[in-house]
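Structure assessment
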Amino acid sequence: MRAALRFLLLTIAFLLATRFAGWWGVPLLALAWGARSGGDGWSASAAAVVAWAALLLRDAAFGPLGEVMLTLGAIVHVPPVLLVAATLVLPALLAASAAVVGGALADRRREASSATRVRER
Amino acid sequence: MPRFARVSVAVVVLALTIGVAAVPIGPLPRLGPFLDPYGGAWSTTTTTRLKPFLLLRDTPGLDSSVSVHYDARAVPHIFARTEHDAYFALGVVVARDRLAQLEVQNMAASGRLTELAGAAALPLDRETRGLGLPRAAERAVAGVDTASAGWRAVRAYTDGVNAWLDQLRTDEHPFEFHLLDRPPERWAPINSLYLLGRMSYTLATDTHEFERAAAAARVGRAAADALFPMHSPLQEPIVPARVPTPRLLGGRLPPPGAPDDGALLLATAITAMRRDGLPAPDPDRDRGSNNWAVAPRRTAHGAALLAGDPHLDLTLPSIWYEAHLVVPGRLDVAGVTIPGAPGILIGFTRDLAWTFTNTGADVADYYAETVDDDAHPSHYRVDGAWRPVERRVERYRDAHGAVLATDTIRFTHRGPLRKLAGRWLSMRWTALEPSDDIGAVVDAAHTRTARDWLHAMEPFLVPAQNMLVADRAGTIAIRSTGHFPIRPGDGRGDYVRDGSTSASDWLGFRPVADYPTAIDPAQGFLASANQEPEDPTTSSAYLNTDWPPAWRAMRIATHLRATTSVTVDTMRAMQTDPVGARAAWFLPYFLRAAARPDASSRAREAARLLAQWDGGYRPDDQRAVLFEAAMTELTRRTWDELAGPDGRLVAEPGGDILAALLVDSTSAWWDDRSTPGVVEGRDAILDASLAAALDRVTTRYGAPDAGGWRRDRIVTANIFHLLQIPQLSRLGLHASGGPSTLSPLSGAGTDGPSWRMVVELGPTVRAWATYPGGQSGNPFSDRYDDRVPGWLAGTLDSIRTPRTPSDLGADERAILEIDPPR
């Protein structure tokens, strides 16, 4: 239950990050999440994908998303489904990799600070 | 996976993904912003519908609250307390629906298309800047009377567009901005002047000097003058003539003469012009616009009627945007505006209605200049003294600001100086000189009678327009208004003048009282369709040469002379009349030629098929294709003396020259040069044209009634998106009309009636209209192209003009409130 709530909150955070910082919000939030969670890339990736999928659903609620998809695909000469897939793969890759990097950076910082404490002793 | 390896892979994946998301790959936009489901291309869906209620708070620049009510046709009815606020709100609603159009049009008009389309747009930008259009707009702004009504409207409109931009979120950006991967630019007052310059470029440029020279280089000056005459040989003028019309002026065409060597050099300018992307002579120049008005005594309900349909490039979104502005006690005007131009350009008030067709007057002249340095001129010679050439460096940039090319544009006191076919030519053009066109439109909306409206429109100078107006009192009037130069000597402007003497310069402009004008004519109607404004028996003053043939004017006159009980529906039906006067003129000659005893069997067969045709260019018609092929053959065979080395005509005389030639069955022009020893006459050429046309059409489209000859399989209307994206265009539309019909359709089918309007000037003014598009610029909105089916079917929508917001009643669909700062 607690894990589910945590995931939900993370998803909402990705949603808000995208709303206010655009796509850059995904790797930035994932970096912070990774630093806090010890590099949990899977959760970050899944939450980012769900957040962007939710935003796509919101777009679909407003108007003809299928028509946009077909038209866009024809304009950029890409199968329309691939565009949707790319829209979901992009946050997944950004969030997963950024979370792992964030975790590693946090570990390094922790290690550096504990080494400093050892030297001070 | 070991931790180090895991982190290393993550770093690489992160770097690569950010790279793909943040850096554009090829022509694609940056994928990060593009695919972002909140603020990217997907979010286009969020603006497909108008929100039922939207409030713009604390809007700077507004005097008081403005209420905008959208009706069921998505037309905004703007209710404001001041005119300033009405034009401000017009800027807001146009930006709301047509922001991408504003941007693309502005880029084109200011010569900055390369910033959208890259190097491919360089020729277009070079043309725009080379003509001095941006420079002229800058000079106009520098010298503008900031207190004038026109400028105040421009400023208010600008503030309105920017007020919309200021509150716009990324996810509300139009689709095109996501594709182009750029945010909208802020609007500036000068943009409205760029736009007017662009309209002048579309409507007030011609290359008659060059066409005539090209013809003279082939058949001599006397023949060229006759092929591109000052007066149309077939007269149905705008100002009703004192003699019965339509009429042929008569007179034989002089035979082809010896080539004029003096014209050869200039003739090559055409090739150079085409290579440089300059406007080439337009073989379909009989396209254009129509307007006509009928006096109360000839209408069924005793009220004046007015119809108008300007023919322009068909685009999505449309060039027109429909709006209604109400300022109680001051202004109540409805109709269409062009996004970027503050004001209702064509429309009606509670008292009168007006519309335009293009006059096509010659308002640009070329001068051969003597320069000090043929490669890099810095001075030019006038009256024996050297004058400095003004230079202006133009840089063309790509989307990222990198300079693609740099040009030095030169100007003499006359205008832009360009090297064409090895010769330095300067050009004086009224479009490059200051005028108060917007002020005239703004002022004219206040008038209550046709005469007052004409008076208010006097400052409207460019492009010259045939301005038709009718009022509730029953007055109908038309005037060809523009800036018509007074030239020295013979007064003509259809040849290149000597630039080395100031005696070649314009002496001034004709006074308005001298413009072609007709008010309440005895015939009870007025009509213009780009034809020559006045019959030579009325006025022989030079306005231009090589006028578009009067086919459409003749057809309008035929309809209106046939009845004295014209109705709104008569007017509407006329606008989509599939039959034209051109076919009616030529067809009998073809049929008679094929009926001769010595006619060829193929010509007889072609004539048999054409005899089944009623002259109508309907989508399901199966004979027009043969007639058009015969006309092409006839044109090619008759003017073979004008063919260049590649077999193509270097200059093509108008269809009315050919029509007039038909009367002269033994003219030397009929002779086919490729058959030495044989002298062909008219009927032999008509016969050969018919036979060749039948062979060509059968080869290309199959047997006559097998379906391949259907007009809608051969010619369709094509409405392209402004960025030429096929998926956002509406192509292959089955429309009625042919060359020279009232609703013309020919060639690529990319231009035609852009706004059809009929107004009844009864006790209450009522109007019906449509245009091929929709109010919304969003390609995924229902309102993007919802008017196209009606436009194709020839129906018109009833236009609502509520006096108060509550008058809309159940027709109301959305409200926009714009509040000033508290």
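Residues numbered from 1 in each chain as written. Chains lettered and ligands numbered in written order. Predicted model: local features only at pLDDT ≥ 70, side-chain atom pairs only at ≥ 80, totals over all residues. Heavy atoms only, no water.

**Things to note about the overall build of chain A**
The line we're drawing: Helix and strand definitions here come from DSSP, where helices need a minimum of 4 consecutive H or I residues and strands a minimum of 2 consecutive E residues; each element is numbered from the N-terminal end. Only C-alpha atoms enter the radius of gyration; for comparison, a globular chain is expected to reach 2.2 Å times N to the power 0.38, where N is the number of residues. We call a residue buried when its accessible area falls under 20% of the maximum for its residue type, exposed when it is over 50%, and partly exposed in between, using a 1.4 Å probe and counting protein chains only. Between two residues, a contact is recorded if the distance between any of their heavy atoms is within 4.5 Å. Positive charges come from Lys and Arg, negative ones from Asp and Glu, while His and the chain ends are left out of the count. Every charge is mapped to an atom, namely NZ of Lys, CZ of Arg, CG of Asp or CD of Glu.
Broken down by element type, chain A carries five helices and zero strands. The C-alpha radius of gyration computed for chain A amounts to 18 Å, which surpasses the reference 14 Å derived for 121 residues by more than 25%, pointing to a less compact arrangement than a globule. A principal-axis box enclosing the C-alpha atoms of chain A has dimensions of 65 × 35 × 20 Å. Relative to its 121 residues, chain A shows a buried fraction of 41%. Of the contacts formed within chain A by residues at least 6 apart in sequence, a portion of 76% connects residues at least 24 apart. Counting 11 positive and 6 negative side-chain charges, chain A places the averaged centre of each group 10 Å from the other.

**Focus: unusual backbone geometry**
Residues and elements named next belong to chain B. That bond from threonine 245 to proline 246 is cis: its omega, 0 degrees, falls within 30 degrees of zero. Mapped onto the elements, proline 246 comes out in the loop between strand E4 (234–235) and strand E5 (247–248). With an omega of -10 degrees, the peptide bond running from leucine 316 to proline 317 counts as cis. The backbone phi angle of glutamine 724 is positive, close to 60 degrees, even though this residue is not glycine. Residue placement: glutamine 724 occurs in the loop between strand E28 (717–721) and strand E29 (730–733). Classification of glutamine 724 as exposed rests on a relative accessible area of 51%.

**Considerations on helix H4 (residues 65–76) of chain A**
For an α-helix, 3.6 residues make a turn, and residues three or four places apart therefore share a direction. Going by this rule: A helix's residues, less one, multiplied by 1.5 Å, set its expected span.
A rise of 1.5 Å per residue sets the reference length of H4(A), with its 12 residues, at 16 Å; its end C-alpha atoms lie 16 Å apart and thus fit the reference within 8%. Along H4(A), the positions that sit buried rather than exposed are A:Leu65, A:Val68, A:Thr71, A:Leu72, A:Gly73, A:Ile75 and A:Val76.

**Digging into the pattern of salt bridges**
So the rule is basically this: For this document, the term salt bridge refers to a Lys or Arg side-chain nitrogen within 4 Å of an Asp or Glu carboxyl oxygen.
Enumeration according to the criterion identifies 60 salt bridges over all chains in this entry. The shortest N-O distance in the salt bridge between B:Glu369 and B:Arg414 comes to 2.7 Å. In this pair, B:Glu369 is assigned in the loop between strand E14 (364–368) and strand E15 (379–382) and B:Arg414 in the loop between strand E18 (403–411) and strand E19 (416–420), connecting sequence segments 45 residues apart. A residue is classified by how much of its surface remains accessible, and B:Glu369, at 9% relative accessible area, is buried. For B:Glu633, the salt bridge goes to B:Arg637, with nearest N and O atoms at 3.0 Å. Taken together, the residues B:Glu633 and B:Arg637, both in helix H19 (residues 624–638) and four residues apart, mark about one turn of the helix. Residue class for B:Glu633 comes out buried when judged on its relative accessible area of 7%. Beyond isolated ion pairs, a larger network of salt bridges with shared partners links A:Arg58, A:Asp59, B:Lys51, B:Arg169, B:Asp171 and B:Glu172.

**Considerations on the packing of aromatic side chains**
All names here are of chain B. Formally: Two aromatic rings, drawn from Phe, Tyr or Trp (for Trp, its six-membered ring), form a pair once their centres lie within 6.5 Å of each other, and the interplanar angle then sorts them: stacked below 30 degrees, edge-to-face above 60, tilted otherwise. Cation placement over rings: the criterion is NZ of Lys or CZ of Arg within 6 Å of the ring centroid and within 35° of the ring normal.
Summed over the entire model, instances satisfying the criterion amount to 14 aromatic pairs over all chains. Their ring planes at 70 degrees and their centres at 5.4 Å tell us that tryptophan 639 and tryptophan 669 sit as a pair that is edge-to-face. Taken together, the positions of tryptophan 639 in the loop between H19 and helix H20 (655–661) and tryptophan 669 in the loop between H20 and helix H21 (682–701) put the pair 30 residues apart, joining distant regions of the chain. Here the two residues tryptophan 639 and tryptophan 669 agree in accessibility, since each one is buried. Taken together, Trp354, Phe356, Trp453 and Phe460 form an aromatic cluster joined through their ring pairs. The ring centre of tyrosine 367 lies 4.5 Å from the NZ or CZ of arginine 414, which sits over that ring. Looking at arginine 592, its charged tip hangs above the ring of tyrosine 589, at a distance of 4.9 Å from the centre.

**Quick word on the packing of helix H7 (residues 149–166) of chain B against helix H13 (residues 437–444) of chain B**
Residue and element names in this part refer to chain B. To be explicit about the condition: All axes here are fitted lines through C-alpha atoms, helices being fitted over the stretch that makes contact, and every angle between N-to-C directions spans 0 to 180 degrees. What sets the label is the angle itself: under 35 degrees gives roughly parallel, over 145 gives roughly antiparallel, 65 to 115 gives roughly perpendicular, and the rest give oblique. Each residue is assigned to one class: nonpolar for Ala, Val, Leu, Ile, Met, Phe, Trp, Tyr, Cys and Pro, charged for Asp, Glu, Lys and Arg, and polar for all the others, Gly among them.
Running from N to C, H7 and H13 point in directions that differ by 95 degrees, and their axes come no closer than 7 Å. Of the possible angle classes, the one that applies to H7 and H13 is roughly perpendicular. Between H7 and H13, the contacting residues are Ala149, Gly150, Ala153 and Val154 on the first element and Ile438, Gly439, Val442 and Asp443 on the second. A breakdown of the residues in the contact of H7 with H13 according to their chemical character gives five nonpolar, two polar and one charged.

**With respect to the confidence of the model for chain B**
Atom-level detail of predicted coordinates should not be read off regions where pLDDT is low. Operational definition: Looking at any residue, its pLDDT shows the predictor's confidence there, from 0 to 100.
A residue-level look at chain B finds 96% of positions with pLDDT of 70 or above and a mean pLDDT of 94. Our summary of model confidence lists the complex with pTM equal to 0.94 and ipTM equal to 0.94.

**Considerations on the packing of helix H3 (residues 83–109) of chain B against H7(B)**
Residues and elements named next belong to chain B. Counted only if it meets this: Crossing handedness is defined as follows: a turn of the near helix away from the far one that is anticlockwise and smaller than a right angle gives a left-handed crossing, while the clockwise case is right-handed.
Across the interface, H3 lies against H7 with an axial gap of 7 Å and an inter-helix angle of 50 degrees. By the angle between their directions, the pair H3 and H7 is classed as oblique. In terms of crossing hand, the pair formed by H3 and H7 is right-handed. Across from His84, Tyr87, Phe88, Leu90, Gly91, Val92, Val94, Ala95, Arg96, Leu99 and Leu102 in H3, the residues of H7 making contact are Ala153, Ala156, Tyr157, Asp159, Gly160, Val161, Ala163, Trp164 and Leu165. In the contact of H3 with H7, the residues fall into 15 nonpolar, three polar and two charged.

**Considerations on the nonpolar core**
The tendency in soluble globular proteins is for nonpolar side chains to be buried as a group. Residues and elements named next belong to chain B. What counts, and what does not: Remark: nonpolar core denotes a set of buried residues (Ala, Val, Leu, Ile, Met, Phe, Trp, Tyr, Cys) joined through side-chain atoms within 4.5 Å.
Core analysis: the biggest nonpolar cluster contains 100 residues, and Trp320, Leu325, Trp453 and Ile818 have the highest contact counts within it. Counting residues per element, this core draws most heavily on H3, which supplies 13 residues. Not counting chain neighbours up to four residues away, the residues in contact with leucine 325 comprise Ile78, Ala86, Tyr87, Leu90, Leu331, Asp332, Val333 and Ile344. Residues Met554, Met571, Leu658 and Ile685 belong to the second largest nonpolar core, which totals 73 residues.

**Focus on the sheet that holds E18(B)**
Residues and elements named next belong to chain B. The criterion, for reference: Only when DSSP finds a minimum of two bridges between them are two strands counted as paired.
Spatial strand order, E17-E18-E19-E20-E14-E24: six strands in an open sheet with mixed pairing. The open sheet has two free edges, formed respectively by strand E17 (390–397) and strand E24 (497–498), since each of these has just one partner strand. For E18 and E19, the ladder comprises two bridges, and the chain directions are antiparallel. By the bridge assignment, phenylalanine 411 is partnered in E19 with proline 416. The strands touched by helix H6 (residues 133–142) within the sheet are E17, E18 and strand E20 (423–429), with E17 carrying the most contacts at an inclination of about 115 degrees.

**Some thoughts on helix H5 (residues 122–130) of chain B**
Buried within H5(B) we find B:Leu122, B:Asp125, B:Glu127, B:Thr128, B:Arg129 and B:Gly130. B:Gly132, located one to two residues past H5(B), shows a positive phi value of around 85 degrees.

**Considerations on the pairing of E20(B)**
Residues and elements named next belong to chain B. Counted residue by residue, E20 has six buried out of seven residues, so it is predominantly covered. Judged from the five bridges that link them, E14 and E20 form a sheet pairing that is antiparallel. The partner of aspartate 365 across the bridge, within E20, is arginine 428. Note: E19 against E20, four bridges, orientation antiparallel. Its bridge partner being in E20, arginine 418 is matched across the sheet by leucine 425. Counting the residues that bridge the hairpin from E19 to E20 gives two residues, and of these alanine 421 lies at a positive phi of roughly 50 degrees.

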